[in-house]
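Okay, here's what each chain looks like letter by letter:
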Amino acid sequence: MKYKLSKLFWVFVLSAFTSCSVSKFIPEGEYLLEDVEVISDNKDVKPSEFRGYVHQNPNSSWFSIAKVPLRIYALSGTDTTKWINRFIQKIGDEPVIYDSASAERSKENMKRAMQNLGYMQANVDVLTKKKKKKIELSYVLHPGKGYVIRSWQYDVKDQGLRNDFADYSSRIMSENMLFNVNQLNMERQNLATFFQNKGYYKFNKELITCTADTVSGSYTIDLNFHIAPYASASKISHQKYHIGEVNVFTDFDITKAMQMEDLEEWDSIHYKGLNIFSEKRPFLRPEVLSQNIFVAPGELYSERLLQRSQSALGRLNAIKYSDLRFVENMNDSTVLDCFVLLSRNNPNSFSAEIEGTNSAGDLGAAASVSYQNRNLFRGSELFTFKVRGAYEAVTGLQGYSNENYIEYGAEASINFPRFLFPFISSELRKRILATSEVALQFNSQDRPEFSRRAASASWSYKWTYKQRWRHSVDLLDVNYVYMPWISSTFRQEYLDNVNNQNSILKYNYENLLIMKMGYGFTYHSGGANLSATTGNSYSIRFNIESSGNLLYGLSHLFNAKRNDSHQYTLMNIAYAQYVKTDFNFAKSFMIDERNSIVFHVGAGVAFPYGNSRILPFEKRYFSGGANSVRGWLVRRLGPGSFSGNDANIDFINQSGDIKLDINLEYRTKLFWKLNGAFFIDAGNIWTIREYDEQPGGAFRLDSFYKEIALAYGLGLRFDFDYFILRFDGGMKAVNPAKNAEERYPLIRPDFGRDFAFHFAVGYPF
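In this text, all values refer to a predicted model and were calculated from it rather than measured experimentally.

What the protein contains, in helices and strands, is 15 helices and 29 strands. Taken along the three principal axes of its C-alpha coordinates, the protein extends 95 × 80 × 60 Å. Expressed as a percentage of its 765 residues, the buried residues of the protein come to 43%. Excluding contacts between residues fewer than 6 apart, the proportion of contacts in the protein whose partners are at least 24 apart in sequence is 64%. Carbon together with sulfur atoms contributes 55% to the accessible area of the protein, which is approximately 41,100 Å² in total. Positive and negative side-chain charges in the protein, numbering 88 and 82 respectively, have mean positions lying 3 Å apart.

See below:
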């Protein structure tokens, strides 16, 4: 009965979408724009780079296949006085009617774009193919042969500019490069910026022109950049400007600040060339302002130092708004007085969160309260303090006196907007916009099986280089795990049971000390936006950390005693020793404005040695979940061909030392705030050593590829600009934990057995 009802439902849906014709919305003599393609007869000119010049595109397709929004629109009637028709049309996609004028405009834009790339004899053909009331449109690009630059020179007539120009070296121009107008404009801008950094405050790109001479009978060009001796209106030679006074106004009144009115009512401080004015006590210490304002009296004007000052001030949490302005000095027109205008941010903020939890059917609740001070020591230090508590009713455990899970914790951190490290020169501190952070954390967990306490302290640095590179260094990160109590039932069944020995489990229920150092970097080709891969861009992330090497060296040097497990200890606590490294690469390919493909590969290796035979649980890898192989729930895949057999401890056993993730995701915009995705995931985890508790989990070079799991599925994303809610449903396709007959659920899928649902915030990669 259920099968018949399901079949009837899908027959109804398909008939509704196919029977409703779009033709009723197409006026007589006009055509629905069915498809648009761009073709090039020159392999060096990529059609994808010209899609943006198409003025009129066909109706959007889901996954570049089905024009579902158009079909939804077609379900409506033509009578828009009825609310149901207006509603359906609003959520659908109105038919795109072919416009020949838009096609002609697209053609001219493509032609001009190719000429700007150096293909001066380029042309574009517009081909149409009509069928009934539909039309398919093709733009055929004929770039021809490109013109190249044979030589170039700079005509600098002004003597002052000529003297400074001796230091200039072009990073754009090269012999036999295409006569690319866009690159020539970049060269003009680079020249203008070069002179602005040499003190020429009023110099701009418009003062630079180009002349191009073609060599007769060839496709080569001789180029000349002409730099005007003065602005045409003034007839005055280019003038260098020096910085006069640097006046800093905190909690400013713009009228008073710029006109310098009633300053005797303001408090004033002179510090290292800065005149600091405030109607009340400045909210930032003078040395902090000096460290973040790079414009100095007596120095030549520099656009680079202006940009650096704006960036440095903009990252200070204590500042809500900042602005730097220059005004010519009334007594000397070659002197610029600088005005730095700062407004105070609200120093204090509180926030609270309440959440419900569901861990394998066990219901609970959690709450947290946090406090932030954005200017703790008047140096724009960000102080954060957070407390969190959670409760969960644990069910299904036999032989335990308590069936509640209680957790509470606290964490505090101070983020300093500068390098806090001895022996670093003030010049280096100014060159690198860095942050330093000190953090403390404490967490207490009381479960029916055990009680666990964890404390940590860290000291770290972060800095950005050229907006694309972000570096981080964990100078010191100390974690201490203390197990004050373990239930006798849990100890007898899992830790001390001779017939059920589990060294991995036992190791993770002992007191442990981790003292690590680490380094990581992130590169994003799109610049400052590192949070997601968008457009035709890519990102790289790399991390490496090591623990225990210094302690092990000292222990070995002083012949320290080992415990019964042959481990060195510090204050009778064994410490972990390992090295761990991770690498992630993500690349995005734009198909059109509504569709894109994202490829991701992630790999990691962690190796315990010396004082450790097993990695700490917090440092081990796991697979499955919303950001991994989505056909499995989190911590339900691997290692290797291992299949869990005890639900109480599988979260420990299904972890490893090596991880591989490969993901391919097709993303499409559906309608409103809703986006869709089709994905294929592959990967697994493995252990470096053979462990009795994880049969089939060890990595073998000649067979690991046979143990790579495969999944596929669909996802929905609600894109609310500031955050993204993600729902993914994955199906197992290849399950390495099953025998040969059940290894390929792709062939005979079972929804109840092979499906996994995930909810998450943000994109998976």
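Continuing now.
If you walk across this open sheet you meet the 5 strands as 8-9-7-11-10, and the pairing is mixed. Both edges of this open sheet fall to strand 8 (267-271) and strand 10 (319-328), since each of them pairs with a single strand only. For this sheet, the mean inter-axis angle between neighbouring strands, taken without regard to orientation, is 20°. In the sheet, strand 10 pairs with strand 11 (residues 335-344) via 9 bridges, with the strands oriented antiparallel. Bridging from a neighbouring strand, V327 pairs with D337 of strand 11.

In this model, the protein carries a mean pLDDT of 87, and residues with pLDDT of at least 70 account for 91%. Ignoring residues within four places in sequence, the model shows residues 1-19, a span with pLDDT below 50, making 4 contacts including any to other chains. Note that pLDDT drops below 50 for residues 528-534; the model gives that stretch 17 contacts with residues more than four away or on any other chain.

Bringing the sheet that holds strand 5 (residues 208-214) into the picture now. Hydrogen bonds along the backbone pair up the strands of a sheet, which may run parallel or antiparallel. Spatial ordering of the open sheet is given by 4-6-5, a layout of 3 strands whose pairing is mixed. Only two strands of the sheet have a single partner each, and these edge strands are strand 4 (148-156) and strand 5. For this sheet, the mean inter-axis angle between neighbouring strands, taken without regard to orientation, is 20°. Bridge count for strand 4 against strand 6 (residues 220-227) is 8 bridges, and the pairing is parallel. For D155, the partnering residue across the bridge sits in strand 6 and is H226. Contacting strand 4, strand 5 and strand 6, helix 6 (residues 181-196) runs over the sheet at an angle of about 30° to strand 6.

For the rest of this paragraph, the subject is the environment of E403. Inspection of the secondary structure assignment puts E403 in the loop between strand 14 (382-393) and strand 15 (404-416). Distance from E403 to P448, taken between C-alpha atoms, is 5.5 Å for residues 45 residues apart in sequence.

What follows covers the side chain of N59. You can see N59 is positioned in the loop between strand 1 (32-40) and helix 2 (68-74). Looking at N59, its side chain comes within polar contact range of the side chain of D93, at 3.4 Å. Here E94 takes part through its backbone oxygen, which lies 2.7 Å from a polar atom of the side chain of N59. If we skip the residues at most four places from it in the chain, N59 touches L32, L33, K67, L70, D93, E94, P95 and V96.

With that settled, the discussion passes to a nonpolar patch on the surface. A grouping of Y722, F723, F751, F755, F757, F759 and V761 is seen on the molecular surface, where their side chains present a nonpolar patch of about 860 Å² in accessible area. Looking at the nonpolar patch element by element, the count peaks at 4 residues for strand 29 (residues 755-761). Tracing the sequence through the fold places V761 in strand 29. Exposure remark for V761: the relative accessible area of 57% places this residue in the exposed category.

Side chains on a regular strand alternate between the two faces of the sheet. With 5 of 5 residues buried, strand 9 (residues 274-278) lies mostly within the body of the structure. Where strand 7 (residues 242-250) and strand 9 come together, 5 bridges link them in parallel fashion. Its bridge partner being in strand 9, V246 is matched across the sheet by L274. Sheet topology note: the strand 8/strand 9 ladder contains 5 bridges and is antiparallel. When the bridges of strand 9 are listed, S268 appears paired with F277.

As a further point, take a positive patch on the surface. Where like charges cluster on the molecular surface, the positive patch consists of K129, K131, K132 and K134. Summarising the element assignment, K134 is placed in strand 3 (residues 134-142). Judged by relative accessible area, which is 35%, K134 ranks as partly exposed.

Following the criterion strictly, the structure yields 30 salt bridges and no others. The partner of E34 in a salt bridge is K67, and the shortest N-O contact between them spans 3.8 Å. Here E34, found in strand 1, pairs with K67, found in the loop between strand 1 and helix 2; they are 33 residues apart in sequence, far enough to count as distant. We classify E34 as partly exposed; its relative accessible area is 24%. Among the residues examined, K67 registers a relative accessible area of 17% and is labelled buried.

Excluding glycine, most residues fall at negative phi; most peptide bonds, likewise, are trans. With an omega dihedral of 0°, the bond running from G638 to P639 counts as a cis peptide bond. Tracing the backbone through its elements, the reader meets P639 in the loop between strand 24 (595-608) and helix 14 (650-653). Of note, the phi angle at K132 is positive, near 55°, even though the residue is not glycine. A positive phi angle, near 65°, is found at N572, a position not held by glycine. Residue position: N572 is located in the loop between strand 21 (569-570) and strand 22 (573-574). Note on N572: relative accessible area 74%, which makes it exposed.

This part covers the packing of aromatic side chains. For the structure shown, the criterion picks out 45 aromatic pairs. On the numbers, 5.7 Å between centres and 85° between planes, the contact of W686 with F699 is edge-to-face. Linking W686 in strand 26 (residues 674-686) with F699 in the loop between strand 26 and strand 27 (709-719), this pair joins segments that are 13 residues apart in sequence. For W686, a relative accessible area of 1% puts it in the buried group. Clustering of aromatic rings is evident, with ring pairs tying together Y154, F165, Y168, F194, F195, Y200, F203 and F225. It is K732 that lies over the ring of W632; its NZ or CZ is 5.1 Å from the centre.

Parameters at a glance
- Residues numbered from 1 in each chain as written.
- Predicted model: local features only at pLDDT ≥ 70, side-chain atom pairs only at ≥ 80, totals over all residues.
- Heavy atoms only, no water.
- Helix = DSSP H or I, 4+ residues; strand = E, 2+ residues; numbered from the N terminus.
- Buried < 20%, exposed > 50% of the residue type's maximum accessible area, 1.4 Å probe, protein only.
- Contact = heavy atoms within 4.5 Å.
- Areas by Shrake-Rupley, 256 points an atom, 1.4 Å probe, with all protein chains shown as cover.
- Lys, Arg positive; Asp, Glu negative; His and termini not counted.
- Charge placed at Lys NZ, Arg CZ, Asp CG, Glu CD.
- Pairing = 2+ DSSP bridges.
- Axes fitted to C-alpha atoms, helices over the stretch in contact; angles between N-to-C directions.
- pLDDT = per-residue confidence, 0-100.
- Polar contact = N/O pair within 3.5 Å; in protein donor to acceptor, adjacent residues only side chain to side chain.
- Patch = residues over 30% accessible without salt bridge, like charges linked within 9 Å, V, L, I, M, F, W, Y side chains within 5 Å.
- Salt bridge = Lys/Arg side-chain N within 4 Å of Asp/Glu carboxyl O.
- Phe/Tyr/Trp six-rings, centres within 6.5 Å; stacked < 30°, edge-to-face > 60°.
- Lys NZ or Arg CZ within 6 Å of the ring centre and 35° of its normal.

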